[in-house]
Amino acid sequence: MSTPLLICDDSLVARKQMLRALPPDWDVLVSFACDGEECLRYLEADRGHILFLDLNMPVLDGYAVLREIRARDWPTLVIVVSGDIQPEAEQRVRDLGAVQMIRKPMDPVQLQAVLVEFGLYDPSEDRRLAVHPESPDRSTTWHDVLQEQANIAMGQAGDLLARLLGVFVELSVPKVSMLAASELNMALTAGSSHHKWSGVSQGFVGGGLAGEALLLFSDSSVEDMSALLGYQDDNAPHKELEVLMDLSGILAGAFLKGLGEQLHLSPRITPPVVLGTHVTMDDLLHHNSHLWEQMLSIEVSFAVENHNILGNLLLLFTEDSIPRLQETLDYLRPDPEGAS
């Protein structure tokens, strides 16, 4: 009888990529869950003796799933597959019972080695994996691919910040959307209780793409950022501007580099420019209002655990960049046009 295997990830691209990475002769029956709550329902129905689990998901994240598995004492063997590659993240999932953590995108060779190590797969067997009839059957879009690539790129940026500062960075699921300039402010401030912001912009251009990365911090973040970065003299001139530009160089720079590598593009990144400090979101984004009528945006919110640091990283592509970006992403899709 085939072993029930559950793949839990909010990204359709990631779910399909994990499926393609499985050994084709592995005797498992594969099911899919889109978030932590659905994952728990499948586990309760005995459809996940082995679980590939993402960490950053809506509704219920991977950490909560691991805690629930431990609380219910389910004999599920969990392998975490995540774009969040911070050392602290790996330690936390192991403490919660995961046997291994694999970074996205899943490498078939690494996966097979892990499966053999834990006695889950024998290459000498000649079986075929089966996909549960309820598996997702829609084709992925370039939008799906971009969201997953942004998730991986932000995981790399968060890991860099975490290692440099010795902190744990909490990351949201990326949001990808088409926006009019007039909608940008509303999209950022929806659900936020912060009224004052500080922001830095870095432009990028090359390979048919152009736009800018905005790093936006809530007003209460600067003092904690100064302490983490080792700024000792609180009265030093321009300290706040230096802090903002340093953080932008770390986060926005690493995010753009990671995304460019996945797109096989190397756009030129301009030096950071401070847009404003302790101002409203309207004032901070005023320079964008006349640049582009429409834009493609990627938004990721982040926070530093145990520190009063909250912010948003926003990547904005010009309208002229979208056809080139779509062409590149269509090429990188895990399934051909019209395939399931």
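A. View of helix H9 (residues 239–263). Here H9 contains 25 residues, and its C-alpha end-to-end distance of 35 Å stays within 8% of the 36 Å for a straight helix at 1.5 Å per residue. Its axis deflected by about 25 degrees at Ser248, H9 carries its strongest bend there.

B. Here's a closer look at helix H6 (residues 142–165). Helix length check: H6 (24 residues) gives 34 Å between terminal C-alpha atoms against 34 Å at 1.5 Å per residue, within 8%. Burial analysis of H6 places 19 of its 24 residues in the buried class, the great majority of the element. Backbone geometry just downstream of H6 places Gly166 in the positive-phi region, at approximately 70 degrees.

C. Representation of the packing of aromatic side chains in the model. Taken as a whole, this structure holds two aromatic pairs when the rule is applied. Seen from their ring centres, Phe204 and Phe317 are 5.4 Å apart, and the 75 degrees between their planes marks the pair as edge-to-face. Note that Phe204 is positioned in strand S9 (residues 197–206) and Phe317 in strand S14 (residues 309–318), a separation of 113 residues in sequence. When its relative accessible area of 4% is taken as the criterion, Phe204 is described as buried. Centroid distance Phe217 to Phe302: 5.8 Å. Interplanar angle 85 degrees. Geometry classified as edge-to-face. Taken together, the residues span a long stretch of sequence, with Phe217 in strand S10 (residues 209–218) and Phe302 in strand S13 (residues 294–304) at a distance of 85 residues. Exposure remark for Phe302: the relative accessible area of 5% places this residue in the buried category. The ring of Tyr42 has Arg47 lying over it, and the distance from NZ or CZ to the ring centre is 4.3 Å. The ring of Phe168 has Arg92 sitting right over it, with the charged end atom 3.9 Å from the ring centre.

D. Inspection of the pairing of S9 at higher detail. With eight of ten residues buried, S9 lies mostly within the body of the structure. Counting the residues between successive antiparallel strands, the hairpin from S9 to S10 contains two residues, one of them, Gly207, with a positive phi of roughly 65 degrees.

E. Representation of the pairing of strand S1 (residues 3–8) within the structure. Summarising burial for S1: five of the six residues are buried, a large majority. Two strands pair when backbone bridges link them, and S1 and strand S2 (residues 28–33) are joined in this way by six bridges, in the parallel orientation. Among the inter-strand pairings, Ile7 is bridged to a residue of S2, identified as Phe32. Viewed along the sheet, the connection from S1 through helix H1 (residues 12–21) into S2 turns out right-handed. In this structure, S1 lies alongside strand S3 (residues 50–53), joined through four bridges in parallel fashion. Within the sheet, the bridge partner assigned to Cys8 lies in S3 and is Leu53.

F. Inspection of the packing of H6 against helix H11 (residues 322–331) at higher detail. It is at 9 Å that the axes of H6 and H11 come closest, and there the two elements cross at 85 degrees. One element, H6, and the other, H11, form an angle in the roughly perpendicular class. Every residue of H11 that contacts H6 at Trp142, Val145, Leu146 and Gln149 is listed here: Ile322, Leu325, Gln326, Leu329 and Asp330. Considering only residue class, the contact of H6 with H11 consists of six nonpolar, two polar and one charged.

G. Local environment of unusual backbone geometry. For the bond running from Lys104 to Pro105, omega is -15 degrees, close enough to zero to count as cis. Considering the arrangement of structural elements, one finds Pro105 in the loop between strand S5 (100–103) and helix H5 (108–117). Although it is not a glycine, His278 sits at a positive phi angle of roughly 55 degrees. Tracing the chain through its elements places His278 in strand S12 (residues 273–279).

H. Structural detail: the state of the cysteines. Applying the stated criterion across every chain yields a total of zero disulfides. Lacking any disulfide linkage, Cys34 is separated from the closest cysteine sulfur, that of Cys8, by 8.0 Å. Looking at the unpaired Cys39, the closest cysteine sulfur is the one in Cys8, lying at 4.1 Å.

I. Fine view of the pattern of salt bridges. The full count for this structure, using the stated rule, is eleven salt bridges. Its salt-bridge partner being Glu68, residue Arg72 comes within 2.8 Å of it at the nearest N-O pair. With Arg72 and Glu68 both in helix H3 (residues 62–72) and four residues apart, the pair spans about one turn of that helix. Judged by relative accessible area, which is 35%, Arg72 ranks as partly exposed. Put simply, Lys257 and Glu261 hold a salt bridge, and the shortest N to O gap is 2.6 Å. Pair noted here: Lys257 and Glu261 are both in helix H9, with a separation of four residues, about one helical turn. Under the relative-accessibility criterion, Glu261 is labelled partly exposed at 45%.

J. View of the packing of H6 against H9. Close contact between H6 and H9 brings their axes to 8 Å; oriented N to C, the two are set at 140 degrees. On the basis of their axis angle, the class for H6 and H9 is oblique. Seen along the crossing, H6 lies across H9 with a hand that is right-handed. From H6, Leu146, Gln149, Ala150, Ile152, Ala153, Met154, Gln156, Ala157, Gly158, Leu160, Leu161 and Leu164 reach across to H9, where they touch Leu247, Ile250, Leu251, Ala254, Phe255, Gly258, Leu259, Gln262 and Leu263. For the contact of H6 with H9, the per-class residue count stands at 16 nonpolar, five polar and no charged.

Procedures and definitions
- Numbering of residues starts from 1 in each chain and follows the order in which that chain's sequence is written.
- Local features are withheld for residues below a pLDDT of 70 in this predicted model, meaning they are given only at 70 or higher, and side-chain atom pairs are given and counted only at 80 or more; totals for whole chains, interfaces and linings count all residues.
- With hydrogens and water set aside, each side-chain value is computed from the structure's full complement of heavy atoms.
- Each helix is a run of DSSP H or I of at least 4 residues and each strand a run of E of at least 2, with the numbering of both proceeding from the N terminus.
- To estimate how far a helix should reach, multiply one less than its number of residues by 1.5 Å.
- Take the seven residues that end at a residue and the seven that start at it, fit an axis to each, and the angle between those axes is the bend at that residue.
- Three labels apply to residues, based on accessible area from a 1.4 Å probe with only protein chains included: buried if under 20% of the type maximum, exposed if over 50%, partly exposed otherwise in between.
- Here a pair means two rings of Phe, Tyr or Trp (six-membered ring of Trp) with centres within 6.5 Å. Their orientation is stacked below 30 degrees between planes, edge-to-face above 60, and tilted elsewhere.
- Placement of a positive charge over a ring is assigned whenever Lys NZ or Arg CZ falls within 6 Å of the ring centre and within 35 degrees of the normal to the ring plane.
- What makes two strands pair is DSSP finding at least two bridges between them.
- Whether a crossover is right-handed depends on one test, that the path from the first strand over the helix to the second runs clockwise when the strands point away from the viewer.
- Geometry is summarised by axes, namely lines fitted to C-alpha atoms with helices restricted to the contacting stretch, and by angles between N-to-C directions that run from 0 to 180 degrees.
- The scheme is simple: roughly parallel for angles under 35 degrees, roughly antiparallel for over 145, roughly perpendicular for 65 to 115, oblique for anything else.
- Contact between two residues is taken to exist if any of their heavy atoms lie within 4.5 Å; hydrogens are not considered.
- We call Asp, Glu, Lys and Arg charged. Ala, Val, Leu, Ile, Met, Phe, Trp, Tyr, Cys and Pro are nonpolar, and the rest, Gly among them, are polar.
- By disulfide we mean two sulfur atoms from cysteines, separated by a distance within 2.5 Å.
- Any carboxyl oxygen of Asp or Glu that lies within 4 Å of a side-chain nitrogen of Lys or Arg is treated as forming a salt bridge with it.
- In this scheme, a crossing is called left-handed if the near helix is turned counterclockwise away from the far one by less than a right angle; it is called right-handed if the turn is clockwise.

The values reported here are purely geometric and, on their own, carry no functional implication.
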